[in-house]
Amino acid sequence: KQEVTQIPAALSVPEGENLVLNCSFTDSAIYNLQWFRQDPGKGLTSLLLIQSSQREQTSGRLNASLDKSSGRSTLYIAASQPGDSATYLCAVRGEETSGSRLTFGEGTQLTVNP
Amino acid sequence: NAGVMQNPRHLVRRRGQEARLRCSPMKGHSHVYWYRQLPEEGLKFMVYLQKENIIDESGMPKERFSAEFPKEGPSILRIQQVVRGDSAAYFCASSPLSTGGQGYTFGSGTRLTVV
């Protein structure tokens, strides 16, 4: 059974700081990994999708890496801004034979202080 | 190109009533997934449907919960005889392929409160 863990559970940083969010998963047989952002009371916004054959993906100030063999992914946020404050969720999709479900971590609640 | 549409956004039901949550996938998406987020918890998979077929319902409680995705119209998640423990945010996601190769798009969710 796949389990996804995100560390830290909460993080508070001053504006402008670079930061790293961590995600680990127990079963390396994944199809892809997706990072989402969730604002309070809102839905999920997809940030980055990394296929199992890829090592990293970048979008603006965000960079996500994937080390499938060790079961780890990181989300790097450069020059953080107060608008980045949200909960960041990591989700993995198992290989096709195990179904199409996503398994989510509990999330990292990020607060960027002005 | 509208995203995944869920309604209602908020739903209040008394214990014992029925709750119906609707989800219209993105245009061109024929695969729908329902997830539940309990207060202070992560999202948990409930059910995966294609048009007129339930593919995987292993995450759905055996009693009181059902889901459908008819040939025409939105997907419906139905909760009969709701209890306080059903209070949660219910999210729907859709994808164009069963493999999810393009990732999943989520709706804004329906927040169910059982009083």
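Since the structure is predicted, the reported quantities are computational estimates derived from the model, not experimental observations.

A. Looking closely at the interface of chain A and chain B. Across the boundary between the two partners, chain A contributes 21 residues, which contact 26 residues of chain B. Carbon and sulfur atoms make up 48% of the surface buried where chain A meets chain B, a total of about 1700 Å² over both sides. On the surface where chain A and chain B come into contact, there are 2 salt bridges. Salt-bridge contacts for Arg101(A) lead to Asp56(B); the nearest nitrogen and oxygen are separated by 3.3 Å. Taken together, the links from chain A to chain B amount to 9 residue pairs in polar contact (both at pLDDT 80 or more). Those elements that place two or more of their residues in the side of chain A that touches chain B are β4 (30-38), β5 (44-51), β9 (86-94) and β10 (102-104) of chain A. Ranked by residues supplied to the side of chain A that touches chain B, first place goes to β4(A) with 5 residues. Among the residues forming the side of chain A that touches chain B, the class breakdown is 7 nonpolar, 9 polar and 5 charged.

B. Spatial organisation of the pattern of salt bridges. Residue and element names in this part refer to chain A. This model, assessed by the stated rule, comprises 7 salt bridges over all chains. One salt bridge in this structure joins Arg61 and Asp84, with 2.9 Å as the shortest N-O distance. Of this pair, Arg61 sits in the loop between β6 (56-59) and β7 (62-67) while Asp84 is found in the loop between β8 (72-77) and β9, placing the two residues 23 residues apart along the sequence. The exposure class of Asp84 is buried, given its relative accessible area of 7%.

Scoring rules and cut-offs
Residues numbered from 1 in each chain as written. Chains lettered and ligands numbered in written order. Predicted model: local features only at pLDDT ≥ 70, side-chain atom pairs only at ≥ 80, totals over all residues. Heavy atoms only, no water. Contact = heavy atoms within 4.5 Å. Buried area = accessible area lost by both parts, 1.4 Å probe. Salt bridge = Lys/Arg side-chain N within 4 Å of Asp/Glu carboxyl O. Polar contact = N/O pair within 3.5 Å; in protein donor to acceptor, adjacent residues only side chain to side chain. Helix = DSSP H or I, 4+ residues; strand = E, 2+ residues; numbered from the N terminus. Nonpolar A, V, L, I, M, F, W, Y, C, P; charged D, E, K, R; others polar. Buried < 20%, exposed > 50% of the residue type's maximum accessible area, 1.4 Å probe, protein only.

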